[in-house]
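Per-entry structural report
Next come the chains, spelled out residue by residue.
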Amino acid sequence: MIKVRIPTPLQKLTNGKAEVECSAKTVAELVDVLDKDYPGMKDRLSEGGKIRRFINIYVNEEDIRFVNKEETSLKDGDAISIVPAIAGGNWNSTSSQLAASSASEYDYI
Amino acid sequence: MDFTEDQILRYSRHILLPEVGGDGQEKLLKAKVVLVGAGGLGSPVGYYLAAAGVGTIGVIDNDRVELSNLQRQIAHNTARLGVLKADSAKETYETLNHDVKVVTHKERLTSANIKNIIKDYDIVVDGSDNFPTRYLVNDACVMLKKTLVSAAVFRFEGQVMTIVPGEGPCYRCLFEVPPPPGMVPSCQEAGILGVVTGVVGTLQATEVIKMVLGIGQPLKGRLLLWNALDMNFRTVKVPWNKECPVCGERPTIKELIDYEQFCSLSH
């Protein structure tokens, strides 16, 4: 089995679970397997079969972008980390920055 | 440099450490560090840097203290509601340690002002809460070759990385582009456990002090991940990306990107 650490923003899909287990031979297969167990996961993690650019996937300590990308192979006992870019409490400020709203929404963290 | 008797006492627990000593304390007193934001992360960073005797601390923030800030932004207090955070932080830090000079920059960072603000500092500490600022700070630090201690928090989690341009990867090597707004939870859904900013900010302060002293292994080429709920610290490797748009072999970003342009790009 492979352990997958789910980041907080995606735990809605895993019913709050921070870690799930599954079996897959590659990262691409892992995304499909996760989506079967937790529908919506594939769309959150990837687009057109590629992992989204603001999300990194690590097999143990290694970033798959520098291994074999989506085809990076997995083996029993691997620990997978899904790590999205975060920017403080205010994920939406790329858009909300422009909108006039209360100052508190744009506070530095 | 001659220490006063008060300084010898004040910094005695530093000076006792062979890795710091009088020479290290002198480095701290001569160091110039600028904080992007005097909020949840910036507050503890500045607090510990002031206590450590970092001689010049810049504070970039144009917001005012609000009641909802005080659950985590420990540089401020109830009596200072409505006061500019840069002024409030200056008072807190200079009251703690008269050796520290706090320089306030009461403006929001933009592509037009950032280089001028950060150019005189040795180290930049990013405690911003939004992607446009985070990428702006990264790109400016790469262009000016400034060491950047970058961190972000979300609910119960934190990420920390130290960026030394020319020696290791930058934030864009880690995440080339920010998420489009539709892909992320709204501000109302976010929330943050106050103490998480304290832990992560204190980690940033630790990195700054190590960099000033030149001791230990900084989080260069490594991303530290911390989760308050399972209380695990983990690091993952961050290789330099030779295709990085700002610090790669053929950079495509040669000018700083404005928020507006950035937003339209990220849609």
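Everything numeric here is computed off the predicted structure, so don't read it as measured data.

Examining the overall build of chain B
Broken down by element type, chain B carries eleven helices and eight strands. For 267 residues, the compact-globule estimate of 2.2 N^0.38 gives 18 Å, and the C-alpha radius of gyration of chain B, at 18 Å, lies within 12% of that figure. Oriented by its inertia axes, the alpha-carbon framework of chain B measures out at about 55 × 45 × 40 Å. The burial tally for chain B puts 49% of its 267 residues in the buried class. Contacts in chain B between residues far apart in sequence, at least 24 positions, make up 69% of those at least 6 positions apart.

Describing the sheet that holds strand 7 (residues 222–227) of chain B
Residue and element names in this part refer to chain B. Spatial ordering of the open sheet is given by 3-2-1-4-5-6-7-8, a layout of eight strands whose pairing is mixed. Each edge of the open sheet carries a strand with a single partner, namely strand 3 (101–105) and strand 8 (232–237). For this sheet, the mean inter-axis angle between neighbouring strands, taken without regard to orientation, is 15°. Sheet analysis places strand 6 (residues 157–163) next to strand 7, joined by four bridges and oriented antiparallel. Bridged to Q159 within strand 7 is L225. Against the sheet, helix 5 (residues 85–96) engages strand 2 (56–60) and strand 3, with an angle of about 175° to strand 3. Each of strand 1 (32–36), strand 4 (123–126), strand 5 (147–154), strand 6 and strand 7 is contacted by helix 10 (residues 194–213), which is oriented at about 170° to strand 5, the strand it contacts most.

Side note on the confidence of the model for chain B
Residue and element names in this part refer to chain B. Summing up the model confidence of chain B, the mean pLDDT is 93 and the portion of residues at 70 or higher is 93%. Scored below 50 in pLDDT, residues 261–267 makes 13 contacts in the model with residues more than four places away or belonging to other chains. Both scores are given for the predicted complex: the pTM is 0.92, the ipTM 0.89.

Structural notes on unusual backbone geometry
In this model, N60 of chain A sits at a positive phi of 55°, which is unusual for a non-glycine residue. Accessibility expressed as a C-beta count within 10 Å gives 11 for N60 of chain A, which makes it exposed. Phi is positive for M231 of chain B, close to 55°, though the residue is something other than glycine. Note that M231 of chain B resides in the loop between strand 7 and strand 8.

A short note on the nonpolar core
Of all hydrophobic cores here, the largest spans 95 residues; its most connected members are V33, I57, V124, V125 and V208 of chain B. Examining the composition of this core, we find that nine residues originate from one element, helix 10 of chain B, more than from any other.

Some remarks on helix 1 (residues 27–37) of chain A
Residues and elements named next belong to chain A. Every buried residue belonging to helix 1 is among V27, L30, V31 and L34, and all of these are buried. Down the axis, helix 1 shows its buried residues gathered within 100° of arc, on one side only. Taken together, the buried residues of helix 1 touch strand 1 (2–5), strand 2 (19–22), helix 2 (41–45), strand 3 (46–47), strand 5 (55–59) and strand 7 (79–84).

Looking at the packing of helix 4 (residues 42–52) of chain B against helix 5 of chain B
All names here are of chain B. In contact at an axis separation of 8 Å, helix 4 and helix 5 are set at 30° when each is read in the N-to-C sense. Looking at the two axes, helix 4 sits roughly parallel to helix 5. In the crossing of helix 4 with helix 5, the sense of the turn from one axis to the other is right-handed. Counted together, G46, Y47, A50 and A51 of helix 4 and A89, Y93 and L96 of helix 5 form the full contact between these two elements. Looking at the contact of helix 4 with helix 5, its residues break down into six nonpolar, one polar and no charged.

Conventions we followed
- Residues numbered from 1 in each chain as written.
- Chains lettered and ligands numbered in written order.
- Predicted model: local features only at pLDDT ≥ 70, side-chain atom pairs only at ≥ 80, totals over all residues.
- Helix = DSSP H or I, 4+ residues; strand = E, 2+ residues; numbered from the N terminus.
- Rg over C-alpha atoms; globule rule 2.2 N^0.38 Å.
- Buried ≥ 20, exposed ≤ 12 C-beta atoms within 10 Å, placed from the backbone.
- Contact = placed C-beta atoms within 7 Å.
- Pairing = 2+ DSSP bridges.
- Axes fitted to C-alpha atoms, helices over the stretch in contact; angles between N-to-C directions.
- pLDDT = per-residue confidence, 0-100.
- Core = buried A, V, L, I, M, F, W, Y, C linked by C-beta atoms within 7 Å.
- Arc of directions from axis to C-beta.
- Parallel < 35°, antiparallel > 145°, perpendicular 65-115°, else oblique.
- Left-handed = near helix turned anticlockwise from the far one by under 90°.
- Nonpolar A, V, L, I, M, F, W, Y, C, P; charged D, E, K, R; others polar.

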